[in-house]
Amino acid sequence: MFTGIVEELGEVVAVTETGGDSALVAVRGPLVTVDARHGDSIAVNGVCLTVVDVGAGVFTADVMGETLRRSALGGLGPGAPVNLERAAALNSRLGGHIVQGHVDGVGEVLSREPAEQWETVRFRLPAALARYVVEKGSITVDGVSLTVADVGPDWFAVGLIPTTLKLTTLGARAVGDPVNLEVDVLAKYVERLLGDRASGGGQR
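For the structure given in this document, a descriptive report is provided here. This structure is a prediction, so every number in the text was calculated from the model and none was measured.

1. A word on the nonpolar core
Phase 1: In terms of nonpolar packing, the biggest core is built from 20 residues, with Phe123, Val133, Val141, Leu146, Phe156, Val158 and Leu181 touching the most fellow members.
Phase 2: For this core, the elements supplying multiple residues, two or more each, are β8 (119–124), β9 (138–141), β10 (144–151), β11 (155–160) and β12 (178–183).
Phase 3: Excluding residues that lie within four positions of it along the chain, Phe156 makes contacts with Val121, Arg122, Phe123, Arg124, Leu125, Val133, Ile139, Val141, Val148, Asp150, Val151 and Leu181.
Phase 4: Judged by nonpolar contacts, the second largest core, of 19 residues, contains Ala61, Val63, Ala80 and Val103.

Shown next as structure tokens:
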């Protein structure tokens, strides 16, 4: 489990195909590898990956075909910057919101509108995810916990502060770039529970 508060802007070192439709990804992240061990979880652009090896500030992780198909990780190559976050510790503050690291879909940057102290960025929203996104609600974009400023039938907008623009990949995302999206898991649970109640399948 993660919080959506990016700890470090890392860099893809190598992507090696391992047969079939899977790959081994090596990522440089001096901060997140300080205490990383085999089997630990690290979110890469919002995708929860399991560390299989670590050393000299670089960790490697296996990426299954399912992950490559459902996220934008498949388009990354050596030199690509990535947002990195270690799994949340039980004794730490929850600075963002509850993030699983399970990408629900891929969006796209539609527009950027710079302002004096922040920037408004609008993203395309896949139709299947639209019902989970509400104004002032939480959403994760490339692993960054953000508050929805505005929402339409097939898009949503967020306001990015200078820190987010400087310390995450979102500052350099151009119009047309793909981004990983994870909607608020609480919204999905509520939908499931209400659906069960409506169908008479829930406990009374």
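2. Digging into the side chain of Ser71
Phase 1: For Ser71, the position within the fold is in the loop between α1 (65–70) and β6 (81–86).
Phase 2: Judged by relative accessible area, Ser71 falls into the buried class, the value being 8%.
Phase 3: Of the polar contacts made by the side chain of Ser71, one reaches the backbone oxygen of Thr67; its length is 2.7 Å.
Phase 4: Polar contacts involving the side chain of Ser71 include one to the main-chain amide nitrogen of Leu73, which spans 3.2 Å.
Phase 5: Residue contacts for Ser71: discarding those within four places in its chain leaves Val47, Val103, Val106 and Asn180.

3. Re the environment of Thr147
Phase 1: Position of Thr147 among the secondary structure elements: in strand β10.
Phase 2: Residues Thr147 and Ala43, 104 residues apart in the sequence, show an inter-C-alpha distance of 19 Å.
Phase 3: Those residues in contact with Thr147 that lie beyond four places of it in its chain are Lys136, Gly137, Ala157 and Val158.

Definitions and limits used
- Residues numbered from 1 in each chain as written.
- Predicted model: local features only at pLDDT ≥ 70, side-chain atom pairs only at ≥ 80, totals over all residues.
- Heavy atoms only, no water.
- Core = buried A, V, L, I, M, F, W, Y, C linked by side-chain atoms within 4.5 Å.
- Buried < 20%, exposed > 50% of the residue type's maximum accessible area, 1.4 Å probe, protein only.
- Helix = DSSP H or I, 4+ residues; strand = E, 2+ residues; numbered from the N terminus.
- Contact = heavy atoms within 4.5 Å.
- Polar contact = N/O pair within 3.5 Å; in protein donor to acceptor, adjacent residues only side chain to side chain.

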